[in-house]
2 protein chains.
Amino acid sequence: MNETRRAVLDALADGPVTGPALAEDHGISRTAVWKHVEALREAGFEVESASEGYTLAGVPEYGAEAVEFGLDAPFDVEYYDDLPSTNDRARELAIEGASDVVVLADQQTGGRGRRGREWSSPSGGVWMSLVLRPDVPPARAPLVTLAAAVAVTDAALEAGVDAAIKWPNDCIVPREDAERGGDKLAGVLTEMKGEASRVSWVVVGVGVNVNVDPEELGPDATSVRAEAGDVERRVFVQRVLERFHEVRDDPDAVLDAWRDRAATLGQRVRVETANGDVVGDAVDVTEHGALVVETADGRKVVHAGDCQHLRPADGG
Amino acid sequence: MNETRRAVLDALADGPVTGPALAEDHGISRTAVWKHVEALREAGFEVESASEGYTLAGVPEYGAEAVEFGLDAPFDVEYYDDLPSTNDRARELAIEGASDVVVLADQQTGGRGRRGREWSSPSGGVWMSLVLRPDVPPARAPLVTLAAAVAVTDAALEAGVDAAIKWPNDCIVPREDAERGGDKLAGVLTEMKGEASRVSWVVVGVGVNVNVDPEELGPDATSVRAEAGDVERRVFVQRVLERFHEVRDDPDAVLDAWRDRAATLGQRVRVETANGDVVGDAVDVTEHGALVVETADGRKVVHAGDCQHLRPADGG
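Quick caveat: nothing in here was measured; it's all calculated off a predicted structure.

Draft legend 1. Representation of the interface of chain A and chain B within the structure. Opposite the 25 residues of chain A that make contact, chain B presents 25 residues. Going through the elements one at a time, helix H6 (142-158) and strand S8 (182-195) of chain A are the ones with two or more residues in the side of chain A that touches chain B. Its residues assigned to classes, the side of chain A that touches chain B shows eleven nonpolar, eight polar and six charged. Sheet topology places S8 of chain A next to strand S8 (residues 182-195) of chain B; five bridges connect them, and they run antiparallel. Bridge pairing links Met192 of chain A to Gly194 of chain B in S8 of chain B.

Take a look at the structure:
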């Protein structure tokens, strides 16, 4: 949405306001006012027109304008009904030089998780990718993943879901008896391009099972619908973006928030790495996104791997 | 060069060897032997043919086959007489999935340094880019840059040049009276693509002023020619690749070798960073490629910036 249309929309929300008043307040012609109102109606906003002026009477359920309306964070939104992968589109935008743009799709037909794994993304979920250009070295880029995990977890908690972070990049609903610590609610997949000393762009893909049935997803998956009932996706996305924006420039805030929400810390874990399994107690996360594990052979710092939460009796 | 041609070439180097013997030893037809010999002649190898068999009598000055012949490191080489940028071609290969491939050009028409700066790359220099797929997190990728700087410096030292490393990514010939610590001999430019926890590829661009006149380069530049006379570029490239391969999988070896060769450590420096100048004594480098500076306000870790070596009397 361009700046003027956004301003007109805000005025309608505070309405009623007449066409001539809108024209004068925004320095545009009455014809331009009419065009903005029609475009907003086209995008799904209900605009009532009466003798005392225009009033906003309804907001579209989802879409670029719906998410941008009332969003308290500086992101532009691109929306698609379906897309093979929001990360693919975001990568194109990143290469073209975009910054602080969000690519949103109602469904993805070729969604992917970490290491190219399939990721089911039916209509009703939140599938989005953020294009960012943080001025940090690559070593600090993992903080972006941690910040996104914090933001998604907070949005899920606000929706009434008992959500927690599972290292490295998942949001789960913990279960006492689950093999892998709990059922998967969301995942974060970060891609980056950079020089040795500076990131040129980061694309953070976020997939959240929101208003979908767990049966539509893979095994060990859950959804906001299953845990707490359907929510407005528009508002859910806004909360994720606002929370992400609040913490993203403060590494200490990100790390503290991540630790607070982490189901993995304090757990006995088995991490399958390229160099074999690491088994021990997960005690911390580093600013490079690595998990710190106390093992029988001492403290190990694990950068990548699949993590199982073990029951106290297991492993060792 | 394919495996068989490489094996035939090695046999010729140990020659004389007859066509029938080559055919039998390598399980190929006599026609195939003849084709390999012709292809090697085409690539510039002198192959003498006499009654006692074939003998290798000369090696081409430069090129893919020339560098691969006798190379004690597992790299395939692609050679171009000129190319806009070896990094651009290497990036294409990386995206296609290549690994341990070296792109080499006699000259570059659009060479670039760090942060998009112009980089003069006339014929006679060594302009090359390595395509690598190290199994490391992005936080460890800067070690690749450090390893390349070590390798270039060692090749220059072997050529008789009094070379040293200047943080973050240059190789210089130190001068007592120089503004920036010395004259520039070589630079390393690393690009990477990855997920948050794992690098997918790294392209290391290496530019060395070898057999060129300093007048062809920018200000404050020098060359192997100016310092110690011309060298065989073929051998120079082989030394860089072999030395790089020796150290690349051993972070401690890379860091120790870097520290030994660093002109920057022990110097009083001014580093211009995005957040202002950092002035103090450069005391160490981290595994993330950052410079550790003792300042009047305590120890600072600088990830990126332009670094000046100050005379003891200068600066703050």
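Continuing now.
Draft legend 2. Broad picture of the domain arrangement of chain A. All names here are of chain A. Each assigned domain of chain A is listed with its residue range as follows: domain 1 (3-58), domain 2 (64-261) and domain 3 (268-310). Here the C-alpha centre of domain 3 lies 23 Å away from the C-alpha centre of domain 2. On the domain 3 side, the residues contacting the 15 residues of domain 2 number nine residues. Put simply, the parts of the chain that give the side of domain 2 that touches domain 3 at least two residues each are H6 and helix H9 (251-261). When the residues that make up the side of domain 2 that touches domain 3 are grouped by side-chain class, the tally is nine nonpolar, two polar and four charged.

Draft legend 3. Structural context of the environment of Gly63 of chain B. Residue and element names in this part refer to chain B. Note that Gly63 resides in the loop between strand S2 (53-58) and helix H4 (64-68). Residues Gly63 and Pro219 lie 156 residues apart in sequence; the distance between their C-alpha atoms is 29 Å. In this structure Gly63 touches Ala43, Gly44 and Tyr79, once residues within four positions along its chain are discounted.

Draft legend 4. Examining unusual backbone geometry more closely. All names here are of chain A. Of the consecutive residues Gly15 and Pro16, the connecting peptide bond is found in the cis state with omega at 10°. Its location among the elements puts Pro16 in the loop between helix H1 (3-13) and helix H2 (19-26). Even without glycine at this site, Asp220 takes up a positive phi of about 55°. Note that Asp220 resides in the loop between strand S9 (199-208) and helix H7 (224-228).

Draft legend 5. Region of the structure containing the sheet that holds strand S14 (residues 306-310) of chain B. Residues and elements named next belong to chain B. Taken in spatial order, the five strands line up as S13-S12-S11-S10-S14 in an open sheet, and their pairing is antiparallel. At either margin of the open sheet sits one strand with a lone partner, and together these are strand S13 (298-302) and S14. Recorded for the sheet is a direction-independent mean angle of 40° between the axes of neighbouring strands. In terms of strand pairing, strand S10 (residues 268-273) meets strand S11 (residues 276-285) through six bridges, oriented antiparallel. Bridging across to S11, Arg270 finds its partner in Val279.

Draft legend 6. Representation of the sheet that holds strand S11 (residues 276-285) of chain A. Residue and element names in this part refer to chain A. Read across the sheet, five strands follow the order S13-S12-S11-S10-S14 without closing on themselves; strand pairing throughout is antiparallel. Looking at which strands have only one partner, the edges of the open sheet turn out to be strand S13 (298-302) and strand S14 (306-310). Taken pair by pair, the neighbouring strands of this sheet meet at an average axis angle of 40°, ignoring direction.

Draft legend 7. Region of the structure containing the pairing of S10 of chain B. Residue and element names in this part refer to chain B. In this antiparallel pair of consecutive strands, S10 and S11, the connection spans two residues. Of the strand pairs in this sheet, S10 and S14 are connected by five bridges, and their pairing is antiparallel. Each bridged residue has a counterpart across the sheet, and for Arg268 the counterpart in S14 is Leu310.

Draft legend 8. Molecular detail of H6 of chain A. All names here are of chain A. Between its first and last C-alpha, H6 extends 25 Å over 17 residues, near the 24 Å set by a 1.5 Å rise per residue. Burial runs high along H6: 15 of the 17 residues are buried. At the C-terminal side of H6, Gly160 shows a positive phi close to 95°.

Draft legend 9. Highlighting the pairing of S9 of chain A. Residue and element names in this part refer to chain A. Taking burial as the measure, the ten residues of S9 include nine buried ones, the bulk of the element. Bridging between strand S5 (residues 126-132) and S9 involves seven bridges; their strand directions are antiparallel. In the strand pairing of S9, Leu130 is matched with Val204. As paired strands, S8 and S9 are joined by nine bridges and run antiparallel to one another. Its bridge partner being in S9, Gly194 is matched across the sheet by Val199. Counted between consecutive antiparallel strands, the loop separating S8 from S9 contains three residues.

About the cut-offs
Residues numbered from 1 in each chain as written. Chains lettered and ligands numbered in written order. Predicted model: local features only at pLDDT ≥ 70, side-chain atom pairs only at ≥ 80, totals over all residues. Contact = placed C-beta atoms within 7 Å. Helix = DSSP H or I, 4+ residues; strand = E, 2+ residues; numbered from the N terminus. Nonpolar A, V, L, I, M, F, W, Y, C, P; charged D, E, K, R; others polar. Pairing = 2+ DSSP bridges. Domains from an automatic or database assignment. Axes fitted to C-alpha atoms, helices over the stretch in contact; angles between N-to-C directions. Expected span 1.5 Å × (residues − 1). Buried ≥ 20, exposed ≤ 12 C-beta atoms within 10 Å, placed from the backbone.

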